[in-house]
Amino acid sequence: MSPRRSVAEARQTRADILAYGVRLASAEGLEGLTIGRLATELGMSKSGVLGHFGSKEELQLAVIDVAAEIFAREVAEPAHTAKPGLRKLTAMCAAWVSYLERRVFPGGCFFMAAAAEFDDRPGRVRDTIAGLASVWDRDLYRQIRTATADGDLPADTDADLLAFEVSGVMLGLNNALQLQRDMTAPAKARRALGRLLGQPVAAVTLLLVLASGPRFKSRTRHRRFRRARAWLSTAT
């Protein structure tokens, strides 16, 4: 076997492990990821899985990186070409609703679940999840401030509060879809966002749905946290 082929196969094996890991963690939590379980379910040896990551924590961090790449592709990138301000904010919200409605991750929003799992557990995993959430919150805030400066939102708009309210709608939507199996929840979320933004979200969502691909793509590539954060940012 040539060295080039060996490296390519190692990369593919790592990608396969992470693809399965994202699915598993989405449904059962990051703590459900163990070297032994992945080895058993993927037909590998424990040493074979361990050799790609070194520890359970490194495996968890790698899975978070892949989840961030998927979130960026499904939510941040569709809104990237929109004009900064209200148009981009509306596109971000529309893509976010579509991502939850289409169940891009089998267990609902990966990051909402991970935040609930690790919110009171200090360490690198929690810090990474919190860092990614902060990047997205910052982008919402930036677009709200731009929309306010442009006169598209009232001059007295509290950007922090509006970003908080938008996130609250999304948390409610994820909960309604996952816990209640309420298929009317996306429409309710769009109406709620429309009231908050003074802008219809449904029409933008339809365009995003028509342009979107499969609910979940198993092909993944590892990315360092720094690059995942850059992808999450929709700043121009």
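Right, let's walk through the structure included here.

Basis of the calculations
Residues numbered from 1 in each chain as written. Predicted model: local features only at pLDDT ≥ 70, side-chain atom pairs only at ≥ 80, totals over all residues. Heavy atoms only, no water. Helix = DSSP H or I, 4+ residues; strand = E, 2+ residues; numbered from the N terminus. Buried < 20%, exposed > 50% of the residue type's maximum accessible area, 1.4 Å probe, protein only. Contact = heavy atoms within 4.5 Å. Salt bridge = Lys/Arg side-chain N within 4 Å of Asp/Glu carboxyl O. Axes fitted to C-alpha atoms, helices over the stretch in contact; angles between N-to-C directions. Parallel < 35°, antiparallel > 145°, perpendicular 65-115°, else oblique. Nonpolar A, V, L, I, M, F, W, Y, C, P; charged D, E, K, R; others polar. Core = buried A, V, L, I, M, F, W, Y, C linked by side-chain atoms within 4.5 Å. Left-handed = near helix turned anticlockwise from the far one by under 90°.

**With respect to the side chain of Thr-148**
Here's step 1: For Thr-148, the location among the structural elements is in helix H7 (residues 124–149).
Here's step 2: Judged by its relative accessible area of 17%, Thr-148 falls in the buried class.
Here's step 3: When near neighbours in sequence (up to four residues on either side) are disregarded, Thr-148 contacts Leu-153, Pro-154, Ala-155 and Thr-157.

**A few points about the pattern of salt bridges**
Here's step 1: A full pass over the atoms with the stated rule returns 13 salt bridges.
Here's step 2: Across the pair Glu-28 and Arg-37 runs a salt bridge, and its minimum N-O distance is 2.6 Å.
Here's step 3: The closest approach of N and O atoms between Glu-31 and Lys-56, which form a salt bridge, is 3.2 Å. Here Glu-31, found in the loop between helix H1 (3–28) and helix H2 (35–42), pairs with Lys-56, found in helix H4 (residues 56–76); they are 25 residues apart in sequence, far enough to count as distant.
Here's step 4: With relative accessibility at 28%, the residue Lys-56 sits in the partly exposed group.

**Comments concerning the packing of helix H8 (residues 159–178) against helix H9 (residues 185–197)**
Here's step 1: At a minimum axis distance of 9 Å, the contact between H8 and H9 shows a crossing angle of 175°. Relative to H9, the element H8 lies roughly antiparallel. Counted together, Leu-162, Glu-165, Val-166, Val-169, Met-170, Leu-173, Ala-176 and Leu-177 of H8 and Ala-185, Pro-186, Ala-189, Ala-192, Leu-193, Leu-196 and Leu-197 of H9 form the full contact between these two elements.
Here's step 2: Here the contact of H8 with H9 is composed, by residue class, of 14 nonpolar, no polar and one charged.

**Comments concerning the nonpolar core**
Here's step 1: Formed by 65 residues in total, the largest nonpolar core has its most connected members in Leu-30, Trp-96 and Phe-110.
Here's step 2: In this structure Leu-30 touches Ala-25, Lys-56, Gln-60, Val-63, Ile-64, Phe-110, Ala-114, Glu-117, Phe-118, Val-125 and Ile-129, once residues within four positions along its chain are discounted.

**A few points about the packing of H4 against H7**
Here's step 1: Between H4 and H7, whose axes approach to 10 Å, the crossing angle comes to 15°. With respect to each other, H4 and H7 are oriented roughly parallel. Relative to H7, H4 is oriented so that their crossing is right-handed. Residues Glu-57, Glu-58, Gln-60, Leu-61, Ile-64, Ala-68, Phe-71, Val-75 and Ala-76 of H4 pack against Arg-124, Val-125, Thr-128, Ile-129, Leu-132 and Trp-136 of H7.
Here's step 2: For the contact of H4 with H7, a count of residues per class yields 10 nonpolar, two polar and three charged.

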